[in-house]
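Geometric and topological summary
These are the residues of each chain, in order.
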Amino acid sequence: MQLLKLNKMEVGIYPGVEELAQRVSDEMIQQVIGKKSSVICLASGDTPKRAYEIFVQTIINQSVSLAEVLFVGLDEWLGIDQTNTGSCYSFFEERIVKPLGLPEDQFARFDALATDSREQCFAMDRLIESRGGIDLMIVGIGMNGHIGFNEPGSSWTSATHVVSLDETTQTVGQKYFQQKTEVSKGITLGLGQVMTSRKLILMASGERKAGIIQKTLQWPISEDLPATIVRRHPQSMVLLDRQAAGML
Ligand code: GLP
């Protein structure tokens, strides 16, 4: 592993996806062992899949109790049914909730079909606040530099909100669905919640992320490039495989 320091922030570069996933899983395990009532916010998407697999396996193998942990889903496609395999709800159901046998209320996710999506936002904000805030947040990065569905230009003080997704997100998002699916809106935790999480891990892998990772770490910190928030966060790290770090 190669370790860079950018101001105080750790940038870990791993030989491949497996080593990267292992490190992210280790961080998650450390968190749930160190604080039994941790609040952990997780991104869906392709990047963290293997990390979650290792995490689940380790929890089972070592019989770690998650009884007091609250997991929170970072974002969701609005209007997409929970049973759609492209939904974030289903992603977590299949990869974390079912394999760990977690009670549904231990993994807070958005109801993407709710008639009042603003109430969904308030409910998520209230829940996170009632649990004392987010301890660990694992996020990926969109091809346009978004975090969750916080698209370029999003406010760094925002709480949970509904977003009109930009074209890149709508196009790239098709990869999660089995057939062409209209995904023009999303619901997401805000960058204010990213910023106030006690620990933030941004992970990325693969050559196609190299350009946006280079901008995130080397371009000016700006709301136009939401992922640059990692450089403002007091306790953040960026964990990459060698390909995603290829342009640094
Ligand atoms: C998606 C999600 C994010 C995710 C990111 C990267 O659109 N809204 O939560 O982290 O984009 O996805 P992937 O890991 O599939 O590249």
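Every residue gets a number counted from 1 within its own chain, in the order that chain's sequence is written. Side-chain atom pairs in this predicted model are given and counted only at pLDDT of 80 or more, local residue features only at pLDDT of at least 70, and totals for whole chains, interfaces and linings cover all residues. Only hydrogens and water are set aside when side-chain values are computed; all heavy atoms of the structure are taken into account.

**Quick word on the packing of helix H1 (residues 17-34) against helix H2 (residues 49-61)**
In helix packing, the relevant descriptors are the interaxial angle and the interaxial distance, both defined with respect to the helix axes. One way to put it is that H1 packs onto H2 with a least axis distance of 8 Å and a crossing angle of 50°. As summarised for this structure, H1 and H2 are arranged oblique, according to the angle between their axes. For the pair H1 and H2, the crossing hand works out as right-handed. The segment H1 lies against H2, with Val17, Glu18, Ala21, Gln22, Val24, Ser25, Met28, Ile29 and Val32 engaging Arg50, Ala51, Tyr52, Ile54, Phe55, Thr58 and Ile59. Lines are fitted to the C-alpha atoms to define the axes, a helix being fitted only along its stretch in contact, and any angle between axes, read from their N-to-C directions, falls within 0 to 180 degrees. Where helices and strands are cited, they refer to DSSP runs of H or I of at least four residues and of E of at least two residues respectively, numbered from the N terminus. Throughout, the term roughly parallel applies to angles under 35 degrees, roughly antiparallel to angles over 145, roughly perpendicular to angles from 65 to 115, and oblique to all others. Should the near helix be turned anticlockwise from the far one by less than a right angle, the crossing is left-handed, and should it be turned clockwise, the crossing is right-handed. Between two residues, a contact is recorded if the distance between any of their heavy atoms is within 4.5 Å.

**Points about the packing of aromatic side chains**
Two aromatic rings are characterised by how far apart their centres lie and by the angle between their planes. Note on aromatic contacts: the rings of Phe and Tyr and the six-membered ring of Trp form a pair at centre separations within 6.5 Å, being stacked when their planes are under 30 degrees apart, edge-to-face when over 60 apart, and tilted otherwise. Tallying each qualifying case throughout the model produces 9 aromatic pairs. For the ring pair Tyr52 and Phe92, a centre distance of 6.4 Å and an interplane angle of 45° mean the geometry is tilted. Within this pair, whereas Tyr52 is found in helix H2, its partner Phe92 is found in helix H3 (residues 88-100), the two being separated by 40 residues in sequence. The cut-offs for exposure are 20% and 50% of the maximum accessible area for each residue type, with area from a 1.4 Å probe on protein chains only; residues under the lower value are buried, those over the upper are exposed, and the others partly exposed. Note on Tyr52: relative accessible area 0%, which makes it buried. Here Trp77 and Phe177 contribute two aromatic rings whose centre-to-centre distance is 5.8 Å and whose plane-to-plane angle is 65°, an arrangement assigned as edge-to-face. A residue pair is termed long-range when its members are at least 10 positions apart, and Trp77 in strand E5 (residues 75-77) and Phe177 in the loop between helix H5 (167-172) and strand E9 (185-188) qualify at 100 residues. The exposure classification of Trp77 matches that of Phe177, with both residues buried. Linked through ring pairs, Tyr52, Phe55, Phe71, Phe91, Phe92 and Phe107 together constitute an aromatic cluster.

**Focus on the sheet that holds strand E3 (residues 39-42)**
An order of E1-E2-E11-E10-E7-E3-E4-E6 is seen for the 8 strands of this open sheet, with the pairing classed as mixed. Two strands close off the open sheet at either side, each with one partner strand: strand E1 (2-6) and strand E6 (107-108). Should DSSP find at least two bridges between two strands, the strands are taken to pair.

**What about the nonpolar core?**
If you look at the biggest cluster of nonpolar residues, it comprises 39 residues, and the most contacted ones within it are Val72, Met137, Ile147, Leu189, Leu202, Val238 and Leu240. Only buried Ala, Val, Leu, Ile, Met, Phe, Trp, Tyr and Cys residues count toward a nonpolar core, and they belong to the same one when joined by side-chain atoms within 4.5 Å. Judged by nonpolar contacts, the second largest core, of 32 residues, contains Ile29, Ile40, Leu66 and Met203.

**A look at the pattern of salt bridges**
Within this document, salt bridges are pairs made up of a side-chain nitrogen of Lys or Arg and a carboxyl oxygen of Asp or Glu, the two lying within 4 Å of each other. Under the criterion given, the structure shown has 13 salt bridges. Note that Lys199 and Glu27 form a salt bridge whose closest N and O atoms lie 2.8 Å from each other. Taken together, the residues span a long stretch of sequence, with Lys199 in strand E10 (residues 199-204) and Glu27 in helix H1 at a distance of 172 residues. A salt bridge links Glu94 to Lys98, with the nearest nitrogen and oxygen atoms 2.9 Å apart. On the criterion of helical spacing, the pair formed by Glu94 and Lys98 is a turn pair, its members being 4 residues apart in helix H3. Among the charged side chains, a network of salt bridges with common partners joins Glu10, Arg23, Glu27 and Lys199.

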